[in-house]
Amino acid sequence: MSWMAWTLPTAIFFGAIGFSLLVLTLWELKSPTILRKGLLPIATTRGDRFFISLLSAAFIHLLWLGLVDAPVYPATAVSVLVAAGLLKWG
Amino acid sequence: MSRSGRWILCAYLVYLVLPLYWLFSMAISSNADIVGEFNAFPAAPTLANFAEIFSNPVWYQAFGNSLTYVFINTLISLAVAIPAAYAFSRYRFLGDKQLFFWLLTNRMAPPAVFLLPFFQLYSAIGLFDTPLAVALAHCLFTVPLSVWILEGFFSGVPTELDEMAQLDGHSFGYFFLRVFLPINRGAIGVTLFFCFMFSWVELLLARTLSGAEAKPIVVVMTRTVSASGLDWGVLAAAGVLTVLPGVLVVWFVRKDLVKGFALGRVS
Amino acid sequence: MSYKPQNNRAWLGVLPVLLIVAFSAVVPLMTVINYSVQDILDFNTRFFVGFEWYVQTLNDERFIEAFGRQLAFSFTVLALEIPLGIAVARGIPKNSRLTPLILIVLALPLLIPWNVVGTIWQIFARSDIGLLGVAINAMGISYNYTSEPLHAWLTLVAMDVWHWTSLVALLAFAGLTAIPQPYYQAAELDGASSWQVLRYVELPRLRGVLIIAVLLRLMDSFMIYTEPFVLTGGGPGNTTTFLSQYLATMAVGQFDLGPAAAFSVIYFLFILLFCWLFYQSVVKRDEETP
C-alpha cells in the first residue's frame, strides 16, 4: 500500500466521507428520505443535498485557493455554513 | 424528407470518405511515390506495405496484443454489466440513483486523470505490461457504458415476461439464461460493439500501461511516426488494418445499431 | 417508466460492477488525492505540503490558457457537430435498401483508433503530401497547419467534426425513426414547411437523444488527447495544447506526481460538475415523460 502514499490528513478526509456515507445509509434505512423542493431549483433528496454540499465545498475551496493568498480556514468555514444551509433548506 | 437534407447527407458522406480514400491510396503506394511527385491517384499500386506488416513480428504481435485486451475487456464488461443492468432495470434499491450517477461519472472522467495511479497500481500488483492491465483499465469506461446501454434495453422488456416465467415454475437462473438473455441478443450485441469501440480506439491508457511485452498496435504506430523516419506507406497500411476489425464488428450488429446508439432509450 | 418494486437484494446484481469500478476508479482517485497534497521525491521520501500544488496549478498561466483553449474547442465542436448531425440525420432515408449501408459508412470514423484518426488527418492535411493540403494550396490559399496556429485550429476542428458528427447523426437518426408517421402526415396536411416540421415536430421529440449527444460530445471533447497529440503535438507552440495533453506531459513525461495530481483533482471536479448538471436534466426529463 506504500504506493498510495497515505497521509494522516487525507486518511481523515476519506474516513469522514466514508463515515458520512455510512450514517446516510443507516439514516435512510431508519427513515427513508422524501424528495422535496427547497431553495434549490430542483427537488432533492437528503443524499442529493449532501452531494451538492460536498461539490460546493470543493469549488469554494478552489476559488479561495485561486484568488486569495491566505490560509484556507475561512473557506472551510464558509463551506460548512453553506453545507448546513443546503442540508436544512436546500 | 426534404431535398436539402439529401444534399447535406451526400456532401457529408463525401467529406467522410475522402480522408479514408486518401489513407487507402497511401497504403497501396510506395514511400517514394508518396513523398515524390503529388498524385491524386496511386501511381503504381503495390501491396508491399501490407507485406511488410505481415512479415514483421513487431507489427503482427502488436495486433495480437490489442485484440487480446479488447477481448478480455469485453468479456469482463459484459459479465459484470448484465446482472447490474438487470438489477437497475427491475428494482428500486437503496442508493440506486446515486450509484447510477457515480457509474456515469466514471464514463466521463478523463483517462489522463487516472494515468498516475494506474501506473502505480498495476506496477504494485505486478500486472504492468500485460494485456490484463489494459483490459482492466479500460473497464473504467466500458463497464459504466455497458450498464447504461443494457439498462435502457432491459427496461424496454415488459416485466410480465419475468412474472410469466415465475408462474411457469422456472427457476430464476433458467429464466435469466434461457429466456431473458436470448430475447436481448441484440442489446448484448450492441453493447459488445460499444465495448469494442471504446477499448480498441483508446491510446493513452494502453500506452501508459504497456511496456515492451504487451505493446498494442496503436502504440507501435505512434512510435513509428517518431522513430524510423516516417514510412508513410507502412503507417497508412497499418491504419487501414486497424479499421478492418471495426468494419467487421459493425457489420454484425448493423440491425440493432440505431437503437444501440440511442442507448436503448429512444421511445 | 413502469412501477419498480423496492428490493435491496438487487444489490447482489450490482456488486460485481461495484467491485470492479471501485478497483479501477475509487482506489486510483483516492491515490490522486493523496499525491496532490504531498511533495513526492520517491515513495520513502515525501513531505506533506497541504494545498501548495493547488495554489500553484490555479495560478499557472499555462493551465489557465489550456483550460480556456479547452472550453473554446469544446464549444466550437459542439456548435458545429450538433446542428450538422441533426441535418445529416434528417437526410438519411428511413426505409430504403441503402439505409444500412449509409449507417455503416457513418459509423466508420467512430471505430477507427483515435491515433489513426490523427494519422489520417495528418496525411490528409499536410501541405506536401496531403490531398486536402495540396488542394487548398493549389487554390492559391497558403495553408500549413504545422506552422500556422489558426490553420492548426481549423484542421483540428475539421478533424473532430469528421470524427464525431456521425455519433450525433446516428443518435438523432435513432430518435427520428421513433417519431410516429401520423405526426408527419398531420404536419403535411397543415402545409408545414420543412423548417416548421423540424421546429415543432422533430426537435421536441429529439430532446432526449440530443441531451445524450451533447453530454457525450461535451465530455469526450473535454478529455480529447490522442488526436491533437498525433496531428499537431500541441503545437505550433502551445496553441493546440488541451488539458489532457498538458496533464499527460506533467504526469508521465516529467513525472511530477504532486502537481499532476492536483491538476487531476481540479480537472475531475469540473467533469463532476458538468456531469451532474446534465444528469439532473436527464433525470428531470425521465420524470416529465413517464
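The rules behind each value
Residues numbered from 1 in each chain as written. Chains lettered and ligands numbered in written order. Predicted model: local features only at pLDDT ≥ 70, side-chain atom pairs only at ≥ 80, totals over all residues. Heavy atoms only, no water. Helix = DSSP H or I, 4+ residues; strand = E, 2+ residues; numbered from the N terminus. Rg over C-alpha atoms; globule rule 2.2 N^0.38 Å. Buried < 20%, exposed > 50% of the residue type's maximum accessible area, 1.4 Å probe, protein only. Axes fitted to C-alpha atoms, helices over the stretch in contact; angles between N-to-C directions. Parallel < 35°, antiparallel > 145°, perpendicular 65-115°, else oblique. Left-handed = near helix turned anticlockwise from the far one by under 90°. Contact = heavy atoms within 4.5 Å. Nonpolar A, V, L, I, M, F, W, Y, C, P; charged D, E, K, R; others polar. Expected span 1.5 Å × (residues − 1). Bend = angle between axes of the 7 residues up to and from the residue. Pairing = 2+ DSSP bridges. Buried area = accessible area lost by both parts, 1.4 Å probe. Salt bridge = Lys/Arg side-chain N within 4 Å of Asp/Glu carboxyl O. Polar contact = N/O pair within 3.5 Å; in protein donor to acceptor, adjacent residues only side chain to side chain. 1 Å grid on protein atoms, 1.4 Å probe; cavity = no way out; pocket = protein on both sides within 12 Å on 5 of 7 lines; lining within 4 Å. Points joined across faces, edges and corners; volume = space filled by probe spheres on them. Domains from an automatic or database assignment.

1. Thoughts on the overall build of chain A
No. 1: The number of helices and strands found in chain A is three helices and zero strands.
No. 2: N-terminal to C-terminal, the α/β element order of chain A is α-α-α.
No. 3: Taking 12 Å as the expected radius of gyration for a compact globule of 90 residues, we find that chain A reaches 16 Å, considerably beyond that expectation.
No. 4: On the principal axes, the C-alpha backbone points of chain A span a range of 40 × 35 × 15 Å.
No. 5: For chain A, the proportion of its 90 residues judged to be buried stands at 32%.

2. Remarks on the packing of helix α5 (residues 114-125) of chain C against helix α7 (residues 149-177) of chain C
Residues and elements named next belong to chain C.
No. 1: Close contact between α5 and α7 brings their axes to 11 Å; oriented N to C, the two are set at 130°. Taken together, the axes of α5 and α7 are oblique relative to one another. Crossing angle aside, the handedness with which α5 passes α7 is right-handed. From α5, W114, V117, G118, I120, W121 and A125 reach across to α7, where they touch T155, A158, M159, W162, H163 and W164.
No. 2: Grouping the amino acids of the contact of α5 with α7 by side-chain chemistry returns nine nonpolar, three polar and no charged.

3. Notes on helix α7 (residues 131-155) of chain B
Residues and elements named next belong to chain B.
No. 1: With 25 residues, α7 extends 34 Å from end C-alpha to end C-alpha; this agrees with the ideal 36 Å at 1.5 Å per step.
No. 2: The largest bend in α7 is about 50°, located at C139.
No. 3: Within α7, 22 of the 25 residues are buried, which leaves the element mostly enclosed by the surrounding structure.

4. Points about the pairing of strand β2 (residues 45-48) of chain C
Residues and elements named next belong to chain C.
No. 1: As judged from the four bridges shared by strand β1 (residues 38-42) and β2, these two strands associate in the antiparallel manner. Bridge assignment links I40 to a residue of β2, and that residue is R46.
No. 2: The antiparallel hairpin formed by β1 and β2 contains two residues in its connecting segment.

5. Brief notes about the interface of chain B and chain C
No. 1: The interface of chain B with chain C comprises 99 residues on the first partner and 104 residues on the second.
No. 2: Of the roughly 9,000 Å² buried between chain B and chain C on both sides combined, carbon and sulfur atoms contribute 80%.
No. 3: At the boundary of chain B and chain C, one finds one salt bridge.
No. 4: In this structure, the salt-bridge partner of B:R107 is C:D220, at a minimum N-O distance of 3.0 Å.
No. 5: On the surface where chain B and chain C come into contact, there are 16 residue pairs in polar contact (both at pLDDT 80 or more).
No. 6: When residues in the side of chain B that touches chain C are grouped by element, the largest group, 16 residues, is from helix α1 (residues 3-27) of chain B.

6. Re empty space enclosed by the protein
No. 1: This model, assessed by the stated rule, comprises six cavities of 30 Å³ or more.
No. 2: Residue lining of the largest cavity: 16 residues in total, with C:W114, C:D220, C:M223, C:I224 and C:Y225 positioned closest to the centre.
No. 3: For the lining of the largest cavity, the elements supplying multiple residues, two or more each, are α6 (111-124) of chain B together with α7, α9 (194-222) and α10 (226-231) of chain C.
No. 4: It is α9(C) that contributes the most residues to the lining of the largest cavity, three residues altogether.
No. 5: When the residues that make up the lining of the largest cavity are grouped by side-chain class, the tally is eight nonpolar, three polar and five charged.
No. 6: Around the second largest cavity sit 13 residues that line it, and B:W22, B:S29, B:D33, B:I34 and B:N39 are the ones nearest its centre.
No. 7: Secondary-structure elements contributing two or more residues to the lining of the second largest cavity are α1 and α2 (31-35) of chain B.
No. 8: For the lining of the second largest cavity, the element with the most residues is α1(B), which contributes three residues.

7. As for the interface of chain A and chain B
No. 1: Opposite the eight residues of chain A that make contact, chain B presents seven residues.
No. 2: Sorting the residues of chain A by area buried against chain B places A:W3, A:E28 and A:F51 first, and these three jointly supply 71% of that buried surface.
No. 3: One can count zero salt bridges joining chain A with chain B.
No. 4: In this structure, the connection of chain A to chain B is made through zero residue pairs in polar contact (both at pLDDT 80 or more).
No. 5: Elements with a contribution of two residues or more to the side of chain A that touches chain B: α1 (8-30) and α2 (46-67) of chain A.

8. A few points about the side chain of C:S221
Residue and element names in this part refer to chain C.
No. 1: Note on placement: S221 falls in helix α9.
No. 2: Classification of S221 by relative accessible area gives buried; the value is 1%.
No. 3: Within the local environment of S221, its side chain forms a polar contact with the backbone oxygen of L218, the two atoms lying 3.1 Å apart.
No. 4: The contacts of S221, once residues within four sequence positions are left out, are Q70, F73, S74 and V77.

9. Quick word on unusual backbone geometry
No. 1: Even without a glycine there, the phi angle at B:D129 is positive, about 70°.
No. 2: With respect to the helices and strands, B:D129 occurs in the loop between α6 and α7.

10. What to know about the domain arrangement of chain B
All names here are of chain B.
No. 1: Domains assigned within chain B are domain 1 (1-46) and domain 2 (56-261).
No. 2: Residue-level contacts link eight residues of domain 1 with eight residues of domain 2.
No. 3: Carbon and sulfur atoms make up 78% of the area that domain 1 and domain 2 hide from each other, which totals about 590 Å².
No. 4: When the buried surface of domain 1 facing domain 2 is broken down by residue, L23, A27 and N31 rank first, second and third, together holding 63% of it.
No. 5: Our count for the contact surface shared by domain 1 and domain 2 stands at zero salt bridges.
No. 6: Here domain 1 and domain 2 share zero residue pairs in polar contact (both at pLDDT 80 or more) between them.
No. 7: At the level of elements, α1 and α2 are the ones that each hand at least two residues to the side of domain 1 that touches domain 2.
No. 8: Sort the elements by how many residues they give to the side of domain 1 that touches domain 2 and α1 lands first, with four residues.
No. 9: Here the residues of the side of domain 1 that touches domain 2 are counted per class, giving six nonpolar, two polar and no charged.

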